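# Remarks on the overall topology
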Amino acid sequence: MKATVYNQYGLPDVLQLQEVVKPEPKENEVLVRIKATAVNSGDVRLRKADPFAVRLIFGLFKPKIGILGSVFSGEVENVGNQVKRFKIGDQVFGHTDMSFGAYAEYLCISEEGTLATKPATISHHEAAVIPFGGVTALHFIKKARIRENQKVLIVGASGAVGSAAVQLAKSYGAIVTAVCSTANMDLVKSIGADNVIDYTKEDFTQNGEIYDLIFDAVNTVSVSRSLKSLTKNGIMILSAAEMLEMLQGFWFSMTSKRKILTGVISHSTRDILFLKELIERGVYKPVLDRIYTLEQIVEAHAYVEKGHKKGNIAISI
Ligand SMILES: NC(=O)c1ccc[n+]([C@@H]2O[C@H](COP(=O)([O-])OP(=O)(O)OC[C@H]3O[C@@H](n4cnc5c(N)ncnc54)[C@H](OP(=O)(O)O)[C@@H]3O)[C@@H](O)[C@H]2O)c1
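About the criteria used
- Residue positions within a chain follow its written sequence, with the count starting from 1.
- Residue-level local features of this predicted model are given only where pLDDT is at least 70; pairs of side-chain atoms are given and counted only at 80 or more, and the full residue set underlies all totals for whole chains, interfaces and linings.
- As a convention, hydrogens and water are excluded, and side-chain values are obtained from all of the structure's heavy atoms.
- The source of the domain bounds is an automatic or database domain assignment.
- Note on contacts: a residue pair qualifies if any of its non-hydrogen atoms lie within 4.5 Å across the two residues.
- For any pair of parts, buried area is found by adding up, for both, the accessible area (1.4 Å probe) each one loses once the two are put together.
- Salt bridges are identified by distance alone: a Lys or Arg side-chain nitrogen within 4 Å of an Asp or Glu carboxyl oxygen.
- For the purposes of these results, a polar contact is taken to be a pair of N or O atoms within 3.5 Å, where, inside protein, one atom must be able to donate a hydrogen and its partner to accept one; residues adjacent in sequence count only when each atom of the pair is a side-chain atom.
- Helix and strand labels come from DSSP, where a helix needs a run of H or I of at least four residues and a strand needs a run of E of at least two; each type is numbered from the N terminus.
- Strands are labelled as partners when DSSP assigns at least two bridges between them.
- Throughout, an axis means a line fitted to C-alpha atoms (over the contacting stretch in the case of helices), and angles, computed between N-to-C directions, take values from 0 to 180 degrees.
- One heavy atom suffices: a residue is near a molecule or strand as soon as one of its heavy atoms comes within 4 Å of it.
- Residues are grouped as follows: Ala, Val, Leu, Ile, Met, Phe, Trp, Tyr, Cys and Pro are nonpolar; Asp, Glu, Lys and Arg are charged; every other residue, Gly included, is polar.
- A helix is expected to span 1.5 Å multiplied by its residue count minus one.
- Only protein chains enter the calculation, and the probe is 1.4 Å; a residue is then buried if its accessible area is under 20% of its type maximum, exposed if over 50%, and partly exposed in between.
- To obtain the arc, one takes the directions from the helix axis to the C-beta atoms.
- Roughly parallel covers angles under 35 degrees, roughly antiparallel covers those over 145, roughly perpendicular covers 65 to 115, and oblique covers all other angles.

### Some details on the domain arrangement of the chain
What the domain assignment lists for the chain is domain 1 (2-131 + 266-316) and domain 2 (133-261). For domain 1 versus domain 2, the separation of C-alpha centres amounts to 26 Å. Contacts between domain 1 and domain 2 engage 20 residues on the former and 19 residues on the latter. At the boundary of domain 1 with domain 2, total buried surface from both sides reaches about 1500 Å², with 54% on carbon and sulfur atoms. It is Tyr284, Val287 and Lys310 in domain 1 that bury the most area against domain 2; as a group they hold 28% of the surface buried on that side. On inspection of domain 1 and its partner domain 2, the count reaches two salt bridges. Among the salt bridges present, the one from arginine 45 reaches glutamate 242, with a minimum N-O distance of 3.5 Å. Here domain 1 is connected to domain 2 by eight residue pairs in polar contact (both at pLDDT 80 or more). Elements represented by at least two residues in the side of domain 1 that touches domain 2 include exactly helix H3 (124-143) and helix H8 (269-280).

As C-alpha cells, then:
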C-alpha cells in the first residue's frame, strides 16, 4: 500500500511517499481502507520534534513512529474473527491515539479503539477532521461545565480547536465572543459567534468586557493579560498551553477562586459519538479549509505550519 513515511525529524520534506506492507487485522481489529485523513497542528509538532519533549516520548534521535497521521475516515475492508461492533462495508471514522499511521491507504485499529460509524450527512473529509479539533474542544468545554447564557470568549476561533469550541459553546447556550483576524470574521459568524473581536484592530484585554469563560486555543496572549478579562469565579481554558502555562495554571488554580484548565487530552469513542449526534442534529459542522492529496502532503504540512489555516486541512487518499 502507499503511505507517507518519515525516518527523521525536520522540515516537511522528511515526509516521503513509499510502498509499505499492507497491515493484516488481528482477531479484535478492523482493517480500514482510509479515504481521508488530516494534517493537524499536532502532526506538525511531531514531524519537527517541537517542543523538545516530543523526542522524550517519540524517539530521542529519530521518530519511532514510521507513519504519522492520527485521524481518519474510511470503509471497513476486513475484520478479525472476534470483532462484534463492525462489519465489512461499514463507513467509519476515528482516532489512532498514540499509534498513528493514518497517512496511508490502510490502517488496523482495535474495535475498542476510538472508532465509530461515520455520520451519513457529511463527507469522509469532514468526518476525518472531527476527532482532532472537535474532541479537543469538547474535552475542555465539558471540564469547564459551561452553562446557558454564560459569557464565553474564544481566542483563535478560526482554527481547528477554536472553530469547534465556538460551535460547542453555542450548543450549550453560551453567548460567544470570537477573537480572530479580519479575514476570518465572516467564518466565525457563520458558525455561530454572537460577537467578533478582530485582534488586528482591538485588544480584548483592554476593552473592559469580562467573561465567565475564556477559551484560548492558540496561546498568543499571556495568562496575566487574559486574566483581566475573566470574572472573579471564572474559568480559563488554555488548550495550547506549553509547560510554563501549565505550571502557571496549576499554581493559579491552587491559590485562587478562578481556575485554569490545561493538559493533554485523550480520545474516546464516547466523545466522537457525542459530536456525531450534534452533527446529525445540525448544530455542529467541521470547518474545512483546503483538501490536499497524499502525494501533496509536504505542501499540506508547509501550509499548516504557517499557523493561518481556517479550521482544518483534509487529505484525500
Ligand atoms: N491540549 C491538547 O491536548 C491539544 C490538542 C490539540 C491541539 N492542541 C494545541 O492547540 C493549538 C491550536 O491548535 P489548532 O490546530 O486549533 O491550531 P490552528 O488550526 O493551526 O489555529 C490557527 C488559527 O488561529 C488563528 N490565529 C493566529 N494567531 C491568532 C491570534 N493572535 N489571535 C486569534 N487567532 C489567531 C489563525 O488565523 P489568523 O492567522 O488569520 O489569525 C488560524 O485560523 C496547537 O498549539 C496544538 O498543539 C493541544
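Once the structure has been displayed, the description carries forward.
### Brief notes about the sheet that holds strand E13 (residues 259-261)
If you trace the six strands from one edge of the open sheet to the other, you get E10-E9-E8-E11-E12-E13, paired in parallel fashion. Where the open sheet ends on each side, the last strands, each with one partner, are strand E10 (195-198) and E13. In this sheet, adjacent strand axes meet at a mean angle of 15 degrees when their direction is disregarded. Here helix H4 (residues 160-171) sits on the sheet and contacts strand E8 (151-155), strand E9 (175-180) and strand E11 (211-216); the angle it forms with E8, its principal contact strand, is near 170 degrees.

### Points about the site of the ligand
Near the ligand there are 26 residues, and of these Ser41, Ser158, Tyr199, His308 and Lys309 occur at the shortest range. At a separation of 2.8 Å, a nitrogen atom of the ligand approaches a polar backbone atom of glycine 263. Take isoleucine 265: an N or O atom from its main chain is 2.9 Å from an oxygen atom of the ligand. Where the shell around the ligand is concerned, the elements lending two or more residues are helix H1 (41-48), H3 and H4. With three residues, the top contributor of residues to the shell around the ligand is H3. Partitioning the shell around the ligand into residue classes produces eleven nonpolar, 13 polar and two charged. Each of domain 1 (2-131 + 266-316) and domain 2 (133-261) contributes no fewer than three residues to the shell around the ligand.

### Regarding helix H7 (residues 243-255)
Owing to its 3.6 residues per turn, the α-helix aligns residues three or four sequence positions apart on the same side. With 13 residues, H7 extends 19 Å from end C-alpha to end C-alpha; this agrees with the ideal 18 Å at 1.5 Å per step. Here H7 has its buried residues at Glu245, Gly249, Phe252 and Ser253. Down the axis of H7, the buried set is contained in an arc of 95 degrees. They therefore lie on one face. Summarising the geometry of H7, the exposed residues directed more than 90 degrees from the buried face are Met243, Leu244, Leu247, Phe250, Trp251 and Met254. Tucked into the core, H7 has its buried residues touching helix H6 (223-226), strand E12 (230-238) and E13.

### Looking at the packing of H1 against helix H9 (residues 297-305)
As a packed pair, H1 and H9 sit with axes 9 Å apart at the nearest point and diverge in direction by 105 degrees. What the angle tells us is that H1 and H9 run roughly perpendicular. In contact with Ser41, Asp43, Val44, Arg47 and Lys48 of H1, H9 contributes His301, Val304 and Glu305. Grouping the amino acids of the contact of H1 with H9 by side-chain chemistry returns two nonpolar, two polar and four charged.

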